[in-house]
Amino acid sequence: MSDRPQPQPGILEIAAYVPGRSTAGPGVKVTKLSSNESPLGASPKAIAAAEAAIAGGLEIYPEGSSRLLREALGEVHGLDPARIVCGNGSDDILHLLAQAYLGEGDEAVMSQFGFSVYPIVTRAAGAQIVMAPEADYTADVDAILAAVTERTQMVFLANPNNPTGTYISEAELDRLHAGLREDILLVVDSAYAEYVTAADYAVGAALVERAKNVVMVRTFSKMGLAALRIGWMYGPPEIVDALNRIRGPFNVNLPAQLAGAAAARDTEFTEALRLHNARWRDWLTAALSSNALRVVQSQANFVMVLFPDEEGRRARDAFAALLDQGLVVREIGVYGIGNGLRISIGSEAAMRAVVDVLKGFGAPGERP
């Protein structure tokens, strides 16, 4: 007997998610490069839609299924809106998937440096975490398949991955799926799909179309709507039905629904984001790469910079030096990469300022 209510086993063993830092020293102007947010703000059409939704009245509940948002996503991506579930950010969708398909005695497999929310949702559902080693900071299909046991019910794959920025090709994604039992759910988290430029990448929708055990999860947070928290999933009808039975009845607010629909249709803004990101991601990679610093090739809207000492002292020193200039980046020791920093792609001025600081840590500081 306890003298107070007790959470379910495993809950207090969960390491809470720690968001990217957003402050520097007193009086220091902050340039936030820690949360992979849009460097170009939000789509003007999305802003107008959110403002109209607010002006139209906040006293009425939103449409419960996010129908207008699902229809916009279906229109833009060529998907069946009936097979889309929307949520309060993609984290909401991940929690729903774990709640529906994981339980006591089950296992979920994820890659070594995968998104830190996967262990949280797994343990919250009462299941066990199985980490598959990566190959040079990239998900290893053979290692993931080797980690599968008779208790495995779910496999999480972030593609591209956060915080490494690496990805696996469409052929490797297909090989991963082919190696899984039909009763294992493969969760393809394509949160950074809008920024990918690799020709052999697949977002996962085609695999969902031909399989009964695959879902694709996406987000609007990296497209300029992080404050509105909009995530969505495309999946088989049976999985969509299961999630709709347990999700909150109004889990996406009205301004988010309408802004998301407008943002999805504003493909010119999305393309401008992709082009800006590609230019400055490639420039930053070239400018920082040296004998002392390694920038892992990224397909996302950030880069991971590795410093030469495994203990992480130089990474901590670099973080502090950047912070002194108001440049807030992401320490990634929580992922087990103590000698690394994750730097979101920002404005041209921000990228040049980062290079100017990190020249003192071994980066050559090239200019285009």
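Residues numbered from 1 in each chain as written. Predicted model: local features only at pLDDT ≥ 70, side-chain atom pairs only at ≥ 80, totals over all residues. Heavy atoms only, no water.

Caption draft 1: Structural detail: the overall build of the protein. What the protein contains, in helices and strands, is 12 helices and 13 strands. A compact globule built from 368 residues would reach a C-alpha radius of gyration of about 21 Å, and the protein, at 21 Å, matches this within 12%. Structurally, the protein occupies a C-alpha span of about 55 × 55 × 50 Å along its principal axes. By the burial criterion, 55% of the 368 residues in the protein qualify as buried. Once local pairs closer than 6 in sequence are excluded, the contacts in the protein between residues at least 24 apart make up 74%. Carbon and sulfur atoms provide 52% of the accessible area of the protein, an area that totals close to 15,900 Å². Within the protein, the 43 negative side-chain charges are centred at a point lying 4 Å from the centre of the 32 positive side-chain charges. (Helix = DSSP H or I, 4+ residues; strand = E, 2+ residues; numbered from the N terminus. Rg over C-alpha atoms; globule rule 2.2 N^0.38 Å. Buried < 20%, exposed > 50% of the residue type's maximum accessible area, 1.4 Å probe, protein only. Contact = heavy atoms within 4.5 Å. Areas by Shrake-Rupley, 256 points an atom, 1.4 Å probe, with all protein chains shown as cover. Lys, Arg positive; Asp, Glu negative; His and termini not counted. Charge placed at Lys NZ, Arg CZ, Asp CG, Glu CD.)

Caption draft 2: The domain arrangement of the protein, seen in detail. By the assigned domains, the protein splits into domain 1 (11–41 + 268–361) and domain 2 (44–266). The C-alpha-based centres of domain 1 and domain 2 are spaced at 24 Å. Between domain 1 and domain 2, the contact holds 34 residues from the first and 30 residues from the second. When residues of domain 1 are sorted by the area they lose upon contact with domain 2, Tyr17, Gln299 and Tyr335 head the list and together hold 25% of the total. Linking domain 1 with domain 2 are 2 salt bridges. Measuring nitrogen to oxygen at the nearest pair gives 2.9 Å for the salt bridge that ties Arg294 to Asp136. Put simply, domain 1 and domain 2 have 13 residue pairs in polar contact (both at pLDDT 80 or more) between them. Taken together, the elements giving at least two residues each to the side of domain 1 that touches domain 2 come down to helix 10 (267–288), strand 9 (294–296) and strand 10 (302–306). Per-element tally for the side of domain 1 that touches domain 2: the top contributor is helix 10, with 8 residues. Split into classes, the residues belonging to the side of domain 1 that touches domain 2 amount to 17 nonpolar, 11 polar and 6 charged. (Domains from an automatic or database assignment. Buried area = accessible area lost by both parts, 1.4 Å probe. Salt bridge = Lys/Arg side-chain N within 4 Å of Asp/Glu carboxyl O. Polar contact = N/O pair within 3.5 Å; in protein donor to acceptor, adjacent residues only side chain to side chain. Nonpolar A, V, L, I, M, F, W, Y, C, P; charged D, E, K, R; others polar.)

Caption draft 3: How the structure looks around the pairing of strand 5 (residues 152–158). Of all 7 residues that make up strand 5, 6 are buried, and the element is covered over most of its length. Of the strand pairs in this sheet, strand 3 (residues 107–111) and strand 5 are connected by 4 bridges, and their pairing is parallel. Following the sheet pairing, Val109 is matched in strand 5 by Val155. Relative to strand 6 (residues 185–189), strand 5 is paired through 5 bridges, and the arrangement is parallel. Bridge pairing links Ala158 to Asp189 in strand 6. You can see the chain leave strand 5, run along helix 6 (residues 170–178) and come back into strand 6, and the turn it takes is right-handed. (Pairing = 2+ DSSP bridges. Right-handed = clockwise from strand over helix to strand, strands pointing away.)

Caption draft 4: Region of interest: the sheet that holds strand 10. With antiparallel pairing, the 4 strands of this open sheet are ordered in space as 9-10-13-12. The open sheet is flanked by strand 9 and strand 12 (330–331), the only strands paired with a single partner. In the packing of helix 10 onto the sheet, the strands contacted are strand 9, strand 10 and strand 13 (340–344), and the crossing angle to strand 10 comes to about 10°. (Axes fitted to C-alpha atoms, helices over the stretch in contact; angles between N-to-C directions.)

Caption draft 5: Seen up close, the nonpolar core. In this structure, Leu73, Leu186, Phe220, Leu225 and Trp232 are the most contacted members of the largest nonpolar core, which totals 47 residues. Per-element accounting of this core gives the leading share, 5 residues, to helix 9 (residues 254–265). One finds Ala98, Ala108, Val215 and Val217 within the second-largest nonpolar core, a separate group that totals 33 residues. (Core = buried A, V, L, I, M, F, W, Y, C linked by side-chain atoms within 4.5 Å.)

Caption draft 6: Focus on the pattern of salt bridges. Considering all chains together, one arrives at 20 salt bridges under this definition. For the salt bridge of Glu13 with Arg123, the shortest nitrogen-to-oxygen distance reads 2.7 Å. Taken together, the residues Glu13 in the segment before strand 1 (31–32) and Arg123 in helix 4 (residues 117–124) connect sequence positions 110 residues apart. One salt bridge connects Arg218 with Glu194, and the closest N-O pair in it is separated by 2.9 Å. Of the two residues, Arg218 sits in strand 7 (residues 214–219) while Glu194 sits in the loop between strand 6 and helix 7 (205–210), which places them 24 residues apart along the sequence. Residue Arg218 is classed as buried on the basis of its relative accessible area, which comes to 5%. Take Glu194: its relative accessible area is 14%, and that puts it in the buried class. Here the salt bridges do not stand alone but share partners, grouping Asp142, Glu172 and Arg175 into one network.

Caption draft 7: The arrangement of the UniProt feature "domain: Aminotransferase class I/classII large" (unreviewed entry) in the protein in detail. Residues annotated by UniProt as "domain: Aminotransferase class I/classII large" (unreviewed entry) correspond here to residues 29–358. Taken end to end, residues 29–358 is 40% helix and 17% strand, and its first and last C-alpha atoms sit 19 Å apart. (UniProt positions renumbered as here; feature names shortened; annotations may be inferred.)

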